[in-house]
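Observations on the model geometry
This is what each chain is made of:
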Amino acid sequence: QVQLVESGGGLVQAGGSLRLSCAASGRTTSSYVLGWFRQAPGKEREFVASISRTGWNTEYADSVKGRFTISRNNAENTVYLQMNSLRPEDTAVYYCAAASPVYVTVVRAREYHYWGQGTQVTVSS
């Protein structure tokens with residue numbers, strides 16, 4: 001069992017940056033693939049980024065490649081999402097999630113077993 005708590009969301013102007021954090025408790029996060037998803041009002045939850053157990057492998061949605069960076073610190077049981085060059089279309093509730101390491105990285109939401117409560121990111125134009 002893993003409990004995930006996101007933080008770091010907020011209001012930022014277009015072109016700005018935010019760093020999201022997700023702290024895990026319970027079973028150590030090094031046992032899991034970790035990911036970030038987001039959900040905008042009226043839209044389905046979508047994949048943002050995923051990182052392997054060791055942190056050596058990452059995968060990103062095309063919409064955030066080159067702007068967002070996922071990283072993890074297994075010693076601190078934390079995963080991060082550095083978001084740069086933010087756009088109004090990045091506005092959403094951002095969720096972190098943990099998946100069993102069946103694959104190196106995981107992009108499908110249904111493969112993730114544990115989810116945080118989400119943190120709101122709002123990008124103004």
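It should be noted that the structure appears before, not after, this text.
This one's a predicted model, so the numbers in the text were calculated from it and none came from an experiment.

Description of the pairing of strand 3 (residues 18-26)
- As defined by bridge partners, strand 1 (residues 2-7) adjoins strand 3 across six bridges and the pair is classed as antiparallel. Among the inter-strand pairings, V2 is bridged to a residue of strand 3, identified as G26.
- Both strand 3 and strand 8 (residues 78-83) contribute to a ladder of six bridges, which runs antiparallel. By the bridge assignment, R19 is partnered in strand 8 with Q82.

Some remarks on the environment of V107
- Within the fold, V107 resides in the loop between strand 9 (92-99) and strand 10 (112-115).
- Apart from the residues lying within four places of it in its own chain, the contact partners of V107 are F37, F47 and E59.

Observations concerning the state of the cysteines
- For the coordinates displayed, the defined rule picks out one disulfide.
- Put simply, C22 and C96 are joined by a disulfide, and their sulfur atoms are 1.9 Å apart. In this structure the cystine formed by C22 and C96 twists about its S-S bond by roughly 40°; its chirality is therefore right-handed. Within this pair, whereas C22 is found in strand 3, its partner C96 is found in strand 9, the two being separated by 74 residues in sequence. The exposure classification of C22 matches that of C96, with both residues buried.

Notes on empty space enclosed by the protein
- Here the structure, examined in full by the defined rule, presents one cavity of 30 Å³ or more.
- A volume near 40 Å³ is recorded for the largest cavity.
- Lining the largest cavity are L4, C22, A24, T29, L34, N77, T78, V79, C96 and A97.
- Counting only elements with at least two residues in the lining of the largest cavity, the list comes to strand 3, strand 8 and strand 9.

Remarks on the packing of aromatic side chains
- According to the stated counting rule, one finds five aromatic pairs in the structure shown.
- A ring pair is formed by F37 and Y112, whose centres lie 5.1 Å apart and whose planes are at 80°; its orientation type is edge-to-face. Of this pair, F37 sits in strand 4 (residues 33-39) while Y112 sits in strand 10; the two residues are 75 residues apart in sequence, bridging distant segments of the chain.
- The exposure class assigned to Y112 is buried, which follows from its relative accessible area of 5%.
- Of the aromatic side chains, those joined through ring pairs into one cluster are F37, F47, Y112 and W115.

About the cut-offs
- Residues numbered from 1 in each chain as written.
- Predicted model: local features only at pLDDT ≥ 70, side-chain atom pairs only at ≥ 80, totals over all residues.
- Heavy atoms only, no water.
- Pairing = 2+ DSSP bridges.
- Helix = DSSP H or I, 4+ residues; strand = E, 2+ residues; numbered from the N terminus.
- Contact = heavy atoms within 4.5 Å.
- Disulfide = S-S within 2.5 Å.
- Buried < 20%, exposed > 50% of the residue type's maximum accessible area, 1.4 Å probe, protein only.
- 1 Å grid on protein atoms, 1.4 Å probe; cavity = no way out; pocket = protein on both sides within 12 Å on 5 of 7 lines; lining within 4 Å.
- Points joined across faces, edges and corners; volume = space filled by probe spheres on them.
- Phe/Tyr/Trp six-rings, centres within 6.5 Å; stacked < 30°, edge-to-face > 60°.

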